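# Close look at the chain arrangement
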Amino acid sequence: KDDVRAALDFMHDRYPGVPIWMAGMSFGSWVGLTVGAEDARVSALIGISMPVTRYDFDAVAAATKAKFVIHGERDEITTLKEARAFYARAAEPKELAVIDAADHLFDGKVSEVADALEDLLGDWSE
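This one's a predicted model, so the numbers in the text were calculated from it and none came from an experiment.

## Some details on the overall build of the protein
- Secondary structure summary: the protein contains five helices and four strands in total.
- Mapped in sequence order, the helices and strands of the protein form the string α-β-α-β-α-β-α-β-α.
- Here the protein has a C-alpha radius of gyration of 14 Å; the compact-globule value for 126 residues is 14 Å, and the two agree.
- Dimensions of the protein, computed from C-alpha atoms along their principal axes, come out at roughly 40 × 30 × 25 Å.
- Taking the intrachain contacts of the protein between residues at least 6 apart in sequence as the baseline, contacts between residues at least 24 apart amount to 57%.
- Accessible area of the protein: about 6900 Å², with a carbon and sulfur share of 53%.
- Across the protein, 13 positive and 23 negative side-chain charges occur, with their mean positions spaced 5 Å apart.

## Comments concerning the pairing of strand E3 (residues 66–72)
- With seven of seven residues buried, E3 is to be regarded as a mostly interior element.
- The alternating pattern of E3 places Ala66, Phe68, Ile70 and Gly72 on one face and Lys67, Val69 and His71 on the opposite face, and all of these are buried.
- Sheet topology note: the strand E2 (residues 42–48)/E3 ladder contains five bridges and is parallel. Bridging across to E3, Gly47 finds its partner in Val69.
- Note: E3 against strand E4 (residues 94–99), six bridges, orientation parallel.

## Let's talk about a nonpolar patch on the surface
- A contiguous nonpolar surface patch, about 380 Å² in accessible area, is contributed by Phe10, Met11, Tyr15 and Val18.
- Relative to the helices and strands, Val18 is located in the loop between helix H1 (2–14) and strand E1 (20–25).

How each quantity is defined
- Residues numbered from 1 in each chain as written.
- Predicted model: local features only at pLDDT ≥ 70, side-chain atom pairs only at ≥ 80, totals over all residues.
- Heavy atoms only, no water.
- Helix = DSSP H or I, 4+ residues; strand = E, 2+ residues; numbered from the N terminus.
- Rg over C-alpha atoms; globule rule 2.2 N^0.38 Å.
- Contact = heavy atoms within 4.5 Å.
- Areas by Shrake-Rupley, 256 points an atom, 1.4 Å probe, with all protein chains shown as cover.
- Lys, Arg positive; Asp, Glu negative; His and termini not counted.
- Charge placed at Lys NZ, Arg CZ, Asp CG, Glu CD.
- Buried < 20%, exposed > 50% of the residue type's maximum accessible area, 1.4 Å probe, protein only.
- Pairing = 2+ DSSP bridges.
- Patch = residues over 30% accessible without salt bridge, like charges linked within 9 Å, V, L, I, M, F, W, Y side chains within 5 Å.
- Salt bridge = Lys/Arg side-chain N within 4 Å of Asp/Glu carboxyl O.

Read these as layout, nothing more, since geometry by itself doesn't imply function.
Below you can see the structure in the form of structure tokens.
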């Protein structure tokens, strides 16, 4: 988490006034999003394959920052049911995209993750 905080400091100092979004995949989503949820400089949280049953994502769920969640329908680490339960208790604003037939690493589905992310962020910024 200290590395994430250092990266935030660097980005904030290097690009003052530019919105900062925090993103992470799997374990990286826990590290990045929990730091981002608590840092006022971060305006959006993007979680991909979030292992919500393995780590404490309560700070992320409670955050009133925009949250974008992308999850694979067949994720073998965190089931879609578990991901949807996290999403249901997460504070607004939030968006969920489910990638059909995708596993935890989105094998063969990476372009669909990119498309989902582009759609989610495009809708949010309009």
